[in-house]
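Listed below are the residues making up each chain.
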Amino acid sequence: MSAVVGIIMGSKSDLNIMNDAAEIMKAFDVEFEITVVSAHRTPERMFNYAKEAAGRGIKVIIAGAGGAAHLPGMVASITTLPVIGVPVKSSNSIDGWDSILSILQMPNGIPVATVALNAAKNAGLLAVQILATGNPELGTRMQAYKDELRTVVEASAAELENSTN
């Protein structure tokens, strides 16, 4: 089976964050690939990745980047696939705001779905939800995941309420 989600990052130093997206793919049995594609240091690699992804079967790209964070937007400008941007708080970051704004403030015509700072897990979940629009079985698993979240919160609420009575 070939990958349907591409997880890319601007630097290997982003891997500790981007692994959260990979873990979600594994949890939902979604085939993925993961690699480093720098918009600034390897622009040809970035261009080729974005241009060829759909032809290789990729349906959603999750792109994480810190600092200037051009990777998600540049990839989105090249491909017609949905791109989910993960702003990463890097060592040269301005508390992550540079990454957030670089990904969030895309010009009209080049949309990038943007999750919270370092929220690769949410990027993974959003990718699964996008894929689930065409895959009922995946939609059922996503519903079960959300039901489990609700159950955990309800149990926490009951425990708290019972302890204060």
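For the structure itself, look to the data block above.
Throughout this document, residue positions are counted from 1 along each chain, in the order its sequence is written. Only residues with pLDDT of at least 70 are given local features in this predicted model, and only at 80 or more are side-chain atom pairs given and counted; all residues enter the totals for whole chains, interfaces and linings. As a rule here, side-chain values cover all heavy atoms of the structure and leave hydrogens and water aside.

Section: unusual backbone geometry
Next, step 1: The backbone of Ala 69 sits at a positive phi, close to 55°, despite the residue not being glycine.
Next, step 2: Numbering of helices and strands runs from the N terminus, with a helix taken as a DSSP run of H or I at least four residues long and a strand as a DSSP run of E at least two residues long. On the secondary structure map, Ala 69 appears in the loop between strand S3 (60-66) and helix H3 (71-78).
Next, step 3: You will see that Asn 118, though not glycine, has its phi angle at about 65°, which is positive.
Next, step 4: By secondary structure assignment, the location of Asn 118 is in the loop between strand S5 (113-114) and helix H5 (120-132).
Next, step 5: The exposure class assigned to Asn 118 is partly exposed, which follows from its relative accessible area of 27%. Partly exposed describes any residue whose relative accessible area lies between the buried limit of under 20% and the exposed limit of over 50%, with all areas from a 1.4 Å probe on protein chains only and scaled to the type maximum.

As for the packing of helix H1 (residues 15-27) against H5
Next, step 1: Simply put, an axis is a line fit to the C-alpha atoms, just over the touching stretch for a helix, and the angle between two N-to-C directions goes from 0 to 180 degrees. Closest axis-to-axis distance for the H1/H5 pair is 7 Å, and the angle between their directions is 35°. The interaxial crossing formed by H1 with H5 has right-handed handedness. Along the contact surface, H1 presents Ile 17, Met 18, Asp 20, Ala 21, Ile 24 and Met 25, while H5 presents Ala 120, Lys 121, Gly 124, Leu 125, Ala 127 and Val 128.
Next, step 2: Considering only residue class, the contact of H1 with H5 consists of nine nonpolar, one polar and two charged. By convention, the crossing between two helices is left-handed when the near helix turns anticlockwise from the far helix through less than a right angle, and right-handed when the turn is clockwise. By definition in these notes, contact holds between two residues if any of their heavy atoms fall within 4.5 Å. When residues are sorted by character, Ala, Val, Leu, Ile, Met, Phe, Trp, Tyr, Cys and Pro go into the nonpolar class, Asp, Glu, Lys and Arg into the charged class, and all the rest, Gly among them, into the polar class.

Regarding the packing of helix H2 (residues 43-52) against H3
Next, step 1: It is the contact of H2 with H3, at a shortest axis distance of 8 Å, that shows an interaxial angle of 50°. One element, H2, and the other, H3, form an angle in the oblique class. Classified by chirality, the crossing of H3 by H2 is right-handed. Note on element contacts: H3 touches H2 through Leu 71, Met 74, Val 75 and Ile 78, opposite Met 46, Phe 47, Ala 50 and Lys 51. The labels follow the angle: roughly parallel below 35 degrees, roughly antiparallel above 145, roughly perpendicular from 65 to 115, and oblique for the rest.

Description of the pairing of S3
Next, step 1: Most of S3 sits out of view: six of its seven residues are buried.
Next, step 2: Note that S3 and strand S4 (residues 83-88) share six bridges and pair parallel. Across the sheet, the residue bridging to Gly 66 is Val 88, located in S4.
Next, step 3: We call a crossover right-handed when, viewed with both strands directed away from the observer, the connection leading from the first strand over the helix to the second proceeds clockwise. Once the chain exits S3 it traverses H3 before rejoining the sheet at S4, and the crossover so formed is right-handed. Note on pairing: two strands pair once DSSP finds at least 2 bridges between them.

Focus on the sheet that holds S4
Next, step 1: Read across the sheet, five strands follow the order S2-S1-S3-S4-S5 without closing on themselves; strand pairing throughout is parallel. Single-partner strands in this sheet number two, and they are strand S2 (32-36) and S5.
Next, step 2: Contacts between H1 and the sheet are confined to strand S1 (5-9), S2, S3 and S4, with S1 contributing the most and set at about 170° to the helix.

A closer look at the nonpolar core
Next, step 1: Ranked by size, the top nonpolar core spans 27 residues in total, and within it Ile 62 and Val 86 carry the most contacts.
Next, step 2: Mapped onto this core, the elements with two or more residues apiece are S1, H1, S3, S4, H5 and helix H6 (136-163).
Next, step 3: The element contributing the most residues to this core is H5, with seven residues.
Next, step 4: Not counting the four nearest positions on each side in its chain, Ile 62 is found in contact with Val 5, Gly 6, Ile 7, Ile 8, Met 18, Ala 21, Ile 84, Val 86, Ala 123, Gly 124 and Ala 127.
Next, step 5: The criterion is simple. A nonpolar core is a set of buried Ala, Val, Leu, Ile, Met, Phe, Trp, Tyr and Cys residues joined through side-chain atoms within 4.5 Å. Grouped together as the second largest cluster of nonpolar side chains are 20 residues, Ile 8, Ala 69, Leu 81 and Val 83 included.

A word on the environment of Ser 11
Next, step 1: Its place among the elements puts Ser 11 in the loop between S1 and H1.
Next, step 2: What makes Ser 11 partly exposed here is its relative accessible area of 22%.
Next, step 3: Once residues lying within four places of it in the same chain are set aside, the contact partners of Ser 11 are Val 36 and Arg 41.

Some points on the pattern of salt bridges
In a structure, side chains of opposite charge can pair up when their charged atoms sit close to one another.
Next, step 1: When a carboxyl oxygen of Asp or Glu is within 4 Å of a side-chain nitrogen of Lys or Arg, the pair counts as a salt bridge. Tallying each qualifying case throughout the model produces seven salt bridges.
Next, step 2: A salt bridge links Arg 141 to Asp 29; its shortest N-O distance comes to 3.5 Å. Within this pair, whereas Arg 141 is found in helix H6, its partner Asp 29 is found in the loop between H1 and S2, the two being separated by 112 residues in sequence.
Next, step 3: Given a relative accessible area of 27%, Arg 141 falls into the partly exposed group.
Next, step 4: For Glu 33, the salt bridge is made with Arg 56, and the minimal N-O distance between the two is 2.9 Å. Of this pair, Glu 33 sits in strand S2 while Arg 56 sits in the loop between H2 and S3, and the two are 23 residues apart along the sequence.
Next, step 5: Taking the relative accessible area as the measure of exposure, Glu 33 reaches 21% and is therefore partly exposed.
Next, step 6: Ionic contacts of the salt-bridge type, sharing partners, join the residues Asp 29, Glu 137 and Arg 141 into one network.

Don't take any of this as a statement about function, it's just geometry.
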